[in-house]
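Here is what each chain is made of, one letter per residue.
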Amino acid sequence: MTSILVLNGPNLNLLGTRQPEIYGSTTLADIEAMCHDTAKTLGVSVTFEQNNVEGAMVDLIHAARGIQDGIILNAGAYTHTSVALMDAVSSVEIPTIELHLSNIHAREEFRHTSYIAKVALGVICGFGAHGYVLALQAMAQHLKASS
Ligand code: DQA
């Protein structure tokens, strides 16, 4: 079965209470449940992870090699700073979709830069929690088309 890793970065464990005017009131547990429901309808399996530590995220991306067919990556603030995460994505050669709840391009200037986008298959942002559904659909479609 096609396997997709959904990897969430720093502060996303606080979704639901963290700046709900920007990120909405859906919790990460709700999003995880949505991802599993969506995976079921798409006929794929999802592994859902969240980590606040950059190096631990690098390790999770490395561990995906040979196991996961695609990665959906909401790297949080590391999106805008982390050459290490960009290199990890390039190194494992697993198609990766960059995802954000908020429209990072409509926010502060420093959020307009993404290291992940440079190595990503595509970017989805601005659709709140529904973005996870969109990203899973896009990844499942991509993997089907390229198999
Ligand atoms: C975010 C956007 C980032 O700029 C921010 O640092 C986050 C969340 C989003 O999902 O909108 O932590 O990745």
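Quick note: structure is the one above.
Residues numbered from 1 in each chain as written. Predicted model: local features only at pLDDT ≥ 70, side-chain atom pairs only at ≥ 80, totals over all residues. Heavy atoms only, no water.

Asks: Describe helix α5 (residues 130–145), and please don't skip the residues or the numbers.
Replies: For α5, which comprises 16 residues, the first-to-last C-alpha distance of 23 Å matches the rise-based estimate of 22 Å (1.5 Å per residue) to within 8%. Looking at α5, one finds that the buried residues are Gly131, Tyr132, Val133, Ala135, Leu136, Met139, Ala140 and Leu143. (Helix = DSSP H or I, 4+ residues; strand = E, 2+ residues; numbered from the N terminus. Expected span 1.5 Å × (residues − 1). Buried < 20%, exposed > 50% of the residue type's maximum accessible area, 1.4 Å probe, protein only.)

Asks: Could you give me a rundown of the sheet that holds strand β1 (residues 3–8), with the residues and numbers involved?
Replies: Reading across from one edge, β2-β1-β3-β4-β5 is the order of the five strands in this open sheet, with parallel pairing throughout. Each edge of the open sheet is held by one strand with a lone partner, namely β2 (45–50) and β5 (122–125). Mean inter-strand twist for the sheet, computed between neighbouring axes without regard to direction, equals 20 degrees. Here helix α3 (residues 54–63) sits on the sheet in contact with β1, β2 and β3 (70–74), set at roughly 175 degrees to β1. (Pairing = 2+ DSSP bridges. Axes fitted to C-alpha atoms, helices over the stretch in contact; angles between N-to-C directions. Contact = heavy atoms within 4.5 Å.)

Asks: Lay out the pairing of strand β4 (residues 96–100) with the relevant residues and their values.
Replies: Taken across its five residues, β4 has five buried, putting it largely inside the fold. Neither face of β4 is exposed, since Thr96, Glu98 and His100 on one face and Ile97 and Leu99 on the opposite face are all buried. One ladder, built from three bridges, connects β3 with β4; its direction is parallel. What sits directly across from Leu73, in β4, is Glu98. In this region the chain leaves β3, passes through helix α4 (residues 83–92) and returns to the parallel neighbour β4; the handedness of that crossover is right-handed. Both β4 and β5 contribute to a ladder of four bridges, which runs parallel. Paired with Glu98 across the two strands is Val123, which belongs to β5. (Right-handed = clockwise from strand over helix to strand, strands pointing away.)

Asks: Would you mind going over the packing of α3 against α4 in detail, with residue names and values included?
Replies: Orientation of α3 relative to α4, taken along the N-to-C sense of each, is 5 degrees, at an axis distance of 9 Å. Between α3 and α4, the angle falls in the class roughly parallel. Along its contact with α3, which presents Glu54, Met57, Val58, Ile61 and His62, the element α4 presents Ala84, Leu85, Ala88, Val89 and Val92. Residues belonging to the contact of α3 with α4 are distributed by class as follows: eight nonpolar, one polar and one charged. (Parallel < 35°, antiparallel > 145°, perpendicular 65-115°, else oblique. Nonpolar A, V, L, I, M, F, W, Y, C, P; charged D, E, K, R; others polar.)

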